[in-house]
Amino acid sequence: MSRSTGSRLWIGPVLGMIGIAAVLWLAATGRLGWYIHPRYAAFTVTMCAVAALGLAGAASLLIERTRNGPGREADAGRAGGTVAASVDRHGRPARRARLAEQGGWLLVALACAGLLIAPPATLSTALAQQRQLAEGTSATSLPAAPGGPGTAPAEAAGDGDAADGDAPTVRDWAGMLRQNGGVALEGRRATISGFVLADGTDAGSAAAEFAVARFAVSCCAVDAQPVGVPVALAGWADRYAEGSWVRVAGVFVANPDPTSPNAVVLRPAEITEIDAPEDPYVY
Amino acid sequence: MPSTARPARTGPALRIAFGAAIALALLAALLAVRAASGALLPGLPAAAADLVTLSLSVFIESLPFVFLGIVCSTLVRVWVPERVIDRVLPRSPALRRAALSLVGVVMPVCECGNVPLARGLMMRGFSVAEAATFLLAAPILNPVTILTTYHAFGWDHGILIARIAGGFAVANLVGWLLSTHPEPGALLEPRFRAACGHEHAAPGGRLRRSLEGLAEETSALLPALVIGSALAGAIQVGVPRELLLVLGAHPLWSALALMALAFVISICSSVDAFFILSLGSTFMPGSIVAFLLFGAMMDLKMLALLRTTFRGRALAYLAAVVGLSCLVIGWGMNLVA
């Protein structure tokens, strides 16, 4: 709020507009879900639209001020005396304010690069490895859905063939597997798609199982946690690279490997390599 | 002091419309840049892309709440008549703080939205102690947070009750401590303190003051949000989570570890219950409570936002008191359980 700086108050409106442009574009292209849970989409877009109008009003005020001459910059009138006094008392001359202002514009540039220039992306599958729990159970430890414990949607539609629509997602299956070790699922057929993730069991020659995993998002991508369904396939590591996407059709069976933490696994009948889907998360 | 030459009070509506049109044209230009750049660049390496994705995710998640907070703050500062506030709130300082810590019930803005609101309260003439009490209590004592915590944990292990009661207690404890400070104004960032001082003398119509406030508050808070989001994203990529999680079931260490996790991950108080539930059911209830209390009051992103308002030393003090209180509650629960 130094007198010497005229552009400081522009930083907020410009940063805001950059953020709003990024959000609106992501929403328009259907990619807002890559960053936040879809339940916030309407609220986010609405608030951004409201803020766009408000910031446009603020900008018109700033334009008007600038036209009235920088010397009459409202900062000078607004509490100029108080600010200058308190700033000086703490040994923060105008130079410091100028630095703060330059820093602010640097952040604007950073925000531009991140929000407007960098190509939008979903989380890499490499991150899934890092986010696993030490015991290797995290891949199957997520509750079914935020609807409450024990939500087992589509219990009847179990043998669905597609990964989308009303058919259970990886997250749904993982939730059902958690209940009593998933014994209720034995004999059920399932088709799931996700990326290949070592699920903590030994990936050597005797590698008996991997997880078909997805990131589950409960609020935003920051809290994304891999969830997965264990698939029994000896020597899988030689055939499928970790992080590559597959569709697996198979049937749930009691795990033949007694040392595995997973009591029930999917025995694959068919595994197809696929491209990463446009919307890779489960919610 | 304040009344050197100001521009004409309000220009013709046409001029305002012209200015707003320029601003919206800027928005359209930014959108065009975004649409054009998407296809131009090749993808980044995985770690860099994740850093950007995580930072953007924190930023985009918080942005509407910060906007909402600024709108509410403007309403409180400019549009609510002083006598209404005086009539509604009790006179005794302790009761006043207790009442303010419940304001979140009617104004469900999560923690990042509360920063502008707390700033607005102080500009409005509320004391530092009162604003801080509101700031710390509101993210926990609001219907959204209470409902999601209930969904995640039900009545199990008293987690819900401990979160509600603990949030109220810690916020009011901090408020009381701050109220004993001989010169509370010294806790504030000088620039913000000066802005508080002149608020009452602010000239101009209400609309004009609102728009000015919008420019002021976004210019103060959005840079801080960019810094906070970038830091939160960087730490997510740099620090593997299991470092914090392997500390296991020790009553003290696990509470500390989960508090550190809450600080780093910087997620919104309205959904953190689901997050901690998703990390596994092996944590001790007290540690979960420490996570739920501390995360809602203090985290990386919040520190960046609060730094616009409080001096560094005051902030360290605030964080220490809140941290210790949460630790004591969590550790205590672990020992009893």
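About the cut-offs
- Residues numbered from 1 in each chain as written.
- Chains lettered and ligands numbered in written order.
- Predicted model: local features only at pLDDT ≥ 70, side-chain atom pairs only at ≥ 80, totals over all residues.
- Heavy atoms only, no water.
- Helix = DSSP H or I, 4+ residues; strand = E, 2+ residues; numbered from the N terminus.
- Buried < 20%, exposed > 50% of the residue type's maximum accessible area, 1.4 Å probe, protein only.
- Contact = heavy atoms within 4.5 Å.
- Areas by Shrake-Rupley, 256 points an atom, 1.4 Å probe, with all protein chains shown as cover.
- UniProt positions renumbered as here; feature names shortened; annotations may be inferred.
- Pairing = 2+ DSSP bridges.
- Patch = residues over 30% accessible without salt bridge, like charges linked within 9 Å, V, L, I, M, F, W, Y side chains within 5 Å.
- Salt bridge = Lys/Arg side-chain N within 4 Å of Asp/Glu carboxyl O.
- Core = buried A, V, L, I, M, F, W, Y, C linked by side-chain atoms within 4.5 Å.
- Axes fitted to C-alpha atoms, helices over the stretch in contact; angles between N-to-C directions.
- Parallel < 35°, antiparallel > 145°, perpendicular 65-115°, else oblique.
- Left-handed = near helix turned anticlockwise from the far one by under 90°.
- Nonpolar A, V, L, I, M, F, W, Y, C, P; charged D, E, K, R; others polar.

Caption draft 1: Focus on the overall build of chain B. A tally of helices and strands in chain B yields 16 helices and zero strands. Going through the 337 residues of chain B one by one, you find that 57% of them count as buried. Considering only intrachain contacts with a sequence separation of at least 6, the fraction spanning at least 24 residues in chain B is 84%. Of the roughly 12900 Å² that chain B leaves accessible, carbon and sulfur atoms contribute 73%.

Caption draft 2: The overall build of chain A, seen in detail. The secondary structure content of chain A amounts to eight helices and five strands. Each helix (α) and strand (β) of chain A, taken in turn from the N terminus, gives the series α-α-α-α-α-α-α-β-β-β-α-β-β. Sequence separation of at least 24 residues holds for 70% of the intrachain contacts in chain A that already meet a minimum separation of 6. Roughly 11100 Å² of accessible area belongs to chain A as shown, and the carbon and sulfur atoms make up 57% of that amount.

Caption draft 3: Up close: the UniProt feature "transmembrane region" (unreviewed entry) in chain B. Under the UniProt annotation, "transmembrane region" (unreviewed entry) lies at residues 59-80, 100-119, 131-153, 160-178, 220-237, 244-267, 273-294 and 314-333 of chain B. Secondary structure over residues 59-80 of chain B splits into 95% helix and 0% strand, and the C-alpha atoms at its two ends are 30 Å apart.

Caption draft 4: Representation of the pairing of strand β4 (residues 245-254) of chain A within the structure. All names here are of chain A. In terms of residue burial, β4 counts as a mostly covered element, since seven of its 10 residues are buried. Relative to β4, strand β1 (residues 189-197) runs antiparallel, the two sharing seven bridges. Each bridged residue has a counterpart across the sheet, and for Arg189 the counterpart in β4 is Val251. The pairing of β4 with strand β5 (residues 264-274) spans 10 bridges and is antiparallel. Note that in β5 the partner of Val246 across the bridge is Glu273.

Caption draft 5: Looking closely at a nonpolar patch on the surface. On the surface, a nonpolar cluster with roughly 440 Å² of combined accessible area is contributed by Val50 of chain A together with Val71, Leu75, Trp79 and Leu207 of chain B. No other element matches helix α2 (residues 46-79) of chain B, which puts three residues into the nonpolar patch. For Leu75 of chain B, a relative accessible area of 43% gives the class partly exposed.

Caption draft 6: Looking closely at the nonpolar core. Ranked by internal contacts, the top residues of the largest apolar core, which has 143 residues, are Phe67 and Val322 of chain B. Not counting residues up to four positions away in its chain, the partners in contact with Val322 of chain B are Leu136, Val170, Val174, Phe294, Met297 and Met298 of chain B. Formed by 25 residues, the second largest nonpolar core is a distinct cluster that contains Trp173, Ala174, Val248 and Val264 of chain A.

Caption draft 7: Representation of the UniProt feature "transmembrane region" (unreviewed entry) in chain A within the structure. All names here are of chain A. Here the UniProt feature "transmembrane region" (unreviewed entry) sits at residues 9-28, 40-63 and 105-123. As a span, residues 9-28 carries 100% helix and 0% strand, and end to end its C-alpha atoms are 29 Å apart. Note that residues 105-123 is 68% helix and 0% strand, and that its end C-alpha atoms are spaced 28 Å apart.

Caption draft 8: The pairing of strand β2 (residues 209-216) of chain A, seen in detail. Residues and elements named next belong to chain A. Across the eight residues that make up β2, a large majority, eight, are buried. The alternating pattern of β2 places Glu209, Ala211, Ala213 and Phe215 on one face and Phe210, Val212, Arg214 and Ala216 on the opposite face, and all of these are buried. As paired strands, β1 and β2 are joined by three bridges and run antiparallel to one another. Across the sheet, Leu197 pairs through a bridge with Ala211, a residue of β2. Relative to strand β3 (residues 225-232), β2 runs antiparallel, the two being bridged by eight bridges. The residue of β3 that forms the bridge with Ala216 is Gln225.

Caption draft 9: Region of the structure containing the packing of α2 of chain B against helix α10 (residues 206-238) of chain B. All names here are of chain B. Running from N to C, α2 and α10 point in directions that differ by 155°, and their axes come no closer than 7 Å. Taken together, α2 and α10 sit at an angle that is classed as roughly antiparallel. Of the two possible hands of crossing, α2 and α10 adopt the one that is right-handed. Counted by class, the contact of α2 with α10 contains 21 nonpolar, nine polar and five charged residues.

Caption draft 10: Representation of the environment of Ala129 of chain B within the structure. All names here are of chain B. Looking at the secondary structure, you find Ala129 in helix α6 (residues 128-137). The exposure class assigned to Ala129 is buried, which follows from its relative accessible area of 4%. Along the primary structure Ala129 and Leu177 are separated by 48 residues, whereas in three dimensions their C-alpha atoms are 7.9 Å apart.

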